[in-house]
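Architecture at a glance
Listed here are the chains, written in short residue letters.
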Amino acid sequence: MFAAASETYLWEGGSACGKSYRVRCMSGTNDGVDVPCKDGQTVTVRIVDMCPANSCKATIDLSNEAFDQIADPKEGIINIYFEEYVQN
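Predicted, not measured: the structure shown is a model, and the values here were computed from it.

Some words on the overall build of the protein
Within the protein, the regular secondary structure consists of 1 helix and 5 strands. Element order for the protein, N to C, with α for helix and β for strand: β-β-β-β-α-β. Over its C-alpha trace the protein gives a radius of gyration of 13 Å, about what one expects of a compact globule, namely 12 Å for 88 residues. The contacts in the protein between residues at least 6 apart in sequence include a share of 77% that link residues at least 24 apart. For the protein, the exposed surface amounts to about 5,600 Å²; the carbon and sulfur share of it is 45%.

Some thoughts on the pairing of strand E3 (residues 42-51)
The pairing of strand E1 (residues 2-6) with E3 spans 5 bridges and is classified as parallel. The residue of E3 that forms the bridge with Phe2 is Arg46. Judged from the 5 bridges that link them, strand E2 (residues 20-28) and E3 form a sheet pairing that is antiparallel. Residue pairing for E3: Arg22 is matched across the bridge by Thr44.

Digging into the state of the cysteines
Evaluation of the coordinates by the stated rule reveals 1 disulfide. There is a disulfide in this structure between Cys25 and Cys37, and the S-S distance comes to 2.0 Å. Sign of the S-S torsion, about -55 degrees for the bond between Cys25 and Cys37, identifies this disulfide as left-handed. Taken as a pair, Cys25 in strand E2 and Cys37 in the loop between E2 and E3 lie far apart in primary sequence, 12 residues in all. Residue classification places Cys25 among the buried positions, given a relative accessible area of 9%. The exposure class of Cys37 is buried, given its relative accessible area of 17%. For the unlinked cysteine Cys17, the closest cysteine sulfur is that of Cys51, found at 13 Å.

Description of the pairing of E1
Taken residue by residue, a regular strand's side chains alternate between the two faces of the sheet. Within E1, 4 of the 5 residues are buried, leaving the element largely enclosed by the surrounding structure. In the sheet, E1 pairs with strand E4 (residues 60-62) via 3 bridges, with the strands oriented antiparallel. Looking at E4, one finds that Ala3 is bridged to Leu62.

Observations regarding the packing of aromatic side chains
Applying the stated criterion to the full structure yields 1 aromatic pair. Aromatic side chains Tyr21 and Phe82 sit 5.9 Å apart centroid to centroid with 70 degrees between the ring planes, which places their arrangement in the edge-to-face category. Here Phe82 lies in strand E5 (residues 78-85) and Tyr21 lies in strand E2, a separation of 61 residues in the sequence.

Topic: the nonpolar core
Membership of the largest hydrophobic core comes to 19 residues, with the highest contact counts inside it found for Val23, Val45, Ile47, Leu62 and Ile70. For this core, the elements supplying multiple residues, two or more each, are E1, E2, E3, E4 and helix H1 (64-70).

Scoring rules and cut-offs
- Each chain carries its own residue numbering, running from 1 in the direction its sequence is written.
- Local features in a predicted model are, by the rule used here, given only for residues with pLDDT of at least 70; side-chain atom pairs are given and counted only at 80 or more, and totals for whole chains, interfaces and linings are based on all residues.
- Hydrogen atoms and water are omitted, and side-chain values are computed over all heavy atoms in the structure.
- Only runs of H or I of at least four residues qualify as helices and only runs of E of at least two qualify as strands under DSSP, and these elements are numbered from the N terminus.
- Atoms counted for the radius of gyration: C-alpha only. Globule rule: 2.2 Å times the number of residues to the power 0.38.
- The contact criterion used throughout is that any non-hydrogen atoms of two residues lie within 4.5 Å.
- Note on areas: Shrake-Rupley with a 1.4 Å probe; residue coverage comes only from the protein chains shown.
- For two strands to be treated as a pair, DSSP must find no fewer than two bridges joining them.
- In this description, a disulfide is simply a cysteine sulfur pair whose atoms lie within 2.5 Å.
- With a 1.4 Å probe rolled over the protein chains alone, any residue whose accessible area is under 20% of its type maximum counts as buried; one over 50% counts as exposed, and the rest are partly exposed.
- For Phe, Tyr and Trp, rings pair up if their centres lie within 6.5 Å, where Trp contributes its six-membered ring, and each pair is then called stacked (planes under 30 degrees apart), edge-to-face (over 60) or tilted (otherwise).
- Take the buried residues of types Ala, Val, Leu, Ile, Met, Phe, Trp, Tyr and Cys, join any two whose side-chain atoms come within 4.5 Å, and each joined set is a nonpolar core.

This is the structure in structure tokens:
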């Protein structure tokens, strides 16, 4: 799964590129979806690009496929918990 990192928070001059993060949905951001998060589901994504600040107001912009693994796509924007994932 792929994602883009926020220019202002995670990108850090490109140092996040290629790193993997395990992401979990914590809550939704609107009242339109009763259950926005898929309970207990996580997805591991690799940062492949920078998300410019003017077009991305998030820490991590998930691909559609990655978002669908952890949340209802109708929610659109979610609050997440994430941590760097290092495969042994």
